[in-house]
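# Coordinate inspection notes
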Amino acid sequence: MILGFIFSIVISILFALYAVPRKFSSQNVILYTMWMGVAYCTITIIAISVLWGFGLEPLENLFNPWHFLTVLRAFVWVLGMFAYNVAIDKIGLTRFNQWKNIQGPVGSLLILFFVSENVAGIKIFWLFLGITVMFLSALLFQVRSPAETMSPKKIDVSANTRWGIAFAIFSGICFGISAMLNSVVSNTTIVGEKFTFSQLIYHSVSLTIFSVAIYLIVGNRESKPTSIKERLKDCFIVDKKTWLPIIAGGMYMIATLLTIYSYRLIPNNAIPWSITQLNVFWTLIIGLFIFKEIDFKQNWQRLVCGTLLAILSCIALFFAI
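Residues numbered from 1 in each chain as written. Predicted model: local features only at pLDDT ≥ 70, side-chain atom pairs only at ≥ 80, totals over all residues. Heavy atoms only, no water.

### Thoughts on the overall build of the protein
Broken down by element type, the protein carries 13 helices and zero strands. In the protein, the succession of helices and strands from N to C terminus is α-α-α-α-α-α-α-α-α-α-α-α-α. When the 321 residues of the protein are sorted by exposure, 48% land in the buried category. Taking the contacts inside the protein whose residues are at least 6 apart along the sequence as the reference set, 85% of them involve residues at least 24 apart. On the protein, roughly 15,900 Å² of surface is accessible, and the fraction owed to carbon and sulfur atoms is 72%. (Helix = DSSP H or I, 4+ residues; strand = E, 2+ residues; numbered from the N terminus. Buried < 20%, exposed > 50% of the residue type's maximum accessible area, 1.4 Å probe, protein only. Contact = heavy atoms within 4.5 Å. Areas by Shrake-Rupley, 256 points an atom, 1.4 Å probe, with all protein chains shown as cover.)

This is the structure:
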């Protein structure tokens, strides 16, 4: 059980760190997500090959129709990750993270109504309390960065912020839906089979394919129009830009794998879930004190109050699980 706690803390750190490479990247968000998928997919296949090949985990049915839900989940996750990266570009880690964390309440709400057999009134109360408190916390973090404060008036900072918030909320909704689909497939007992690691295979492969397909259709809007053939070449260009999303995808996969084992090691799944929510605070620390996205001294009262509300939101969601 102690190992489960350690895994949960490591997961919380990784879920904060995997957003950091985007701060250093100017790569198109679709290609960035695709390379995250490539890393995620590669590590998944290697890890599961070892686990299944050496009999460390039981084999799972890769041809069950339930996996179509995992493919759907991958598509939703890709949309969420696009919005995730755009939001970081527009409003930074500190502010984006508070709005993105709506994924917890959204996922909990969907799981409560579509997966859980016990839709208790008290759980709904705690859930909506968590949503309300999290919203208030996010509002307190809407402080202009030093760069925005010094921007010329002709630059519409507020419009950029509004789009950043919108993309962050959209990513949170997508990740919440993804969590619900994951729960549906993981907890299905209709066919008497378990789909734990097979989900990772379908998820990682599908999201990579979806990213490539979307880039071929949409292209890079920041450059001149190109043919599909040229866009396909873009997907296979390996340069220094590709290493940042590969690092992010690797951290995400390791965190996902550790999540599986933390839930096994700790009987009450609400405990590891709550510990991993510490990623909220690691992200705040990184955004505030490393990237200095917000002047802490000037806004410390709002930020402290927002942090306390974020803690209360996590506590409320704990009781909603």
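### Section: the side chain of Asn-299
Looking at where Asn-299 falls in the secondary structure, it is placed in helix H13 (residues 296-320). Look at Asn-299 and you get buried, because its relative accessible area is 13%.

### Things to note about a nonpolar patch on the surface
Together, Trp-300, Val-304, Leu-308, Ile-311, Leu-312, Ile-315, Phe-318 and Phe-319 make up a nonpolar patch on the protein surface, roughly 710 Å² of accessible area in all. Considering the arrangement of structural elements, one finds Phe-319 in helix H13. (Patch = residues over 30% accessible without salt bridge, like charges linked within 9 Å, V, L, I, M, F, W, Y side chains within 5 Å. Salt bridge = Lys/Arg side-chain N within 4 Å of Asp/Glu carboxyl O.)

### Overview of empty space enclosed by the protein
Throughout the structure, instances matching the rule amount to one cavity of 30 Å³ or more. Reported here for the largest cavity is a volume of approximately 40 Å³. As for the largest cavity, its lining consists of Gln-98, Asn-101, Met-134, Ser-137, Val-280, Ala-310 and Cys-314. Of all the secondary-structure elements, those providing two or more residues to the lining of the largest cavity are helix H5 (121-140) and H13. Of the residues in the lining of the largest cavity, the class split is four nonpolar, three polar and no charged. (1 Å grid on protein atoms, 1.4 Å probe; cavity = no way out; pocket = protein on both sides within 12 Å on 5 of 7 lines; lining within 4 Å. Points joined across faces, edges and corners; volume = space filled by probe spheres on them. Nonpolar A, V, L, I, M, F, W, Y, C, P; charged D, E, K, R; others polar.)

### Quick word on the pattern of salt bridges
On inspection of all chains with the given rule, the structure shows three salt bridges. The closest approach of N and O atoms between Asp-89 and Arg-22, which form a salt bridge, is 2.7 Å. With a gap of 67 residues between them, Asp-89 in helix H3 (residues 67-100) and Arg-22 in the loop between helix H1 (2-17) and helix H2 (29-53) connect regions that are remote in the sequence.

### Structural notes on the nonpolar core
Counting residues in each nonpolar core, the largest one holds 50 residues, and the members touching the most others are Trp-77, Tyr-84 and Phe-96. Contributing elements (two or more residues each) for this core: H1, H2, H3, helix H7 (157-186), helix H8 (197-218) and helix H10 (240-265). Among the elements that make up this core, the one with the highest residue count is H3 (13 residues). What Trp-77 contacts, discounting residues up to four positions off in sequence, is Thr-33, Met-36, Phe-175, Ser-178, His-203, Leu-207 and Tyr-252. Counting residues in each nonpolar core, the second largest holds nine residues, with Val-143, Val-280, Ile-294 and Ala-310 among its members. (Core = buried A, V, L, I, M, F, W, Y, C linked by side-chain atoms within 4.5 Å.)

### Some points on the packing of aromatic side chains
What the rule picks out here adds up to 14 aromatic pairs. With 5.4 Å between their ring centres and 80° between their planes, Tyr-40 and Tyr-252 make a pair best called edge-to-face. Taken together, the positions of Tyr-40 in helix H2 and Tyr-252 in helix H10 put the pair 212 residues apart, joining distant regions of the chain. Owing to a relative accessible area of 1%, Tyr-40 belongs among the buried residues under this scheme. Ring plane angle 45° and centroid distance 6.3 Å describe the contact between Trp-77 and Phe-175, whose orientation is recorded as tilted. With Trp-77 in helix H3 and Phe-175 in helix H7, this pair connects stretches of sequence that are 98 residues apart. With relative accessibility at 3%, the residue Trp-77 sits in the buried group. Joined through ring pairs, the aromatic side chains of Phe-15, Tyr-18, Tyr-40, Trp-77, Tyr-84, Phe-96, Phe-175 and Tyr-252 make up one cluster. (Phe/Tyr/Trp six-rings, centres within 6.5 Å; stacked < 30°, edge-to-face > 60°.)

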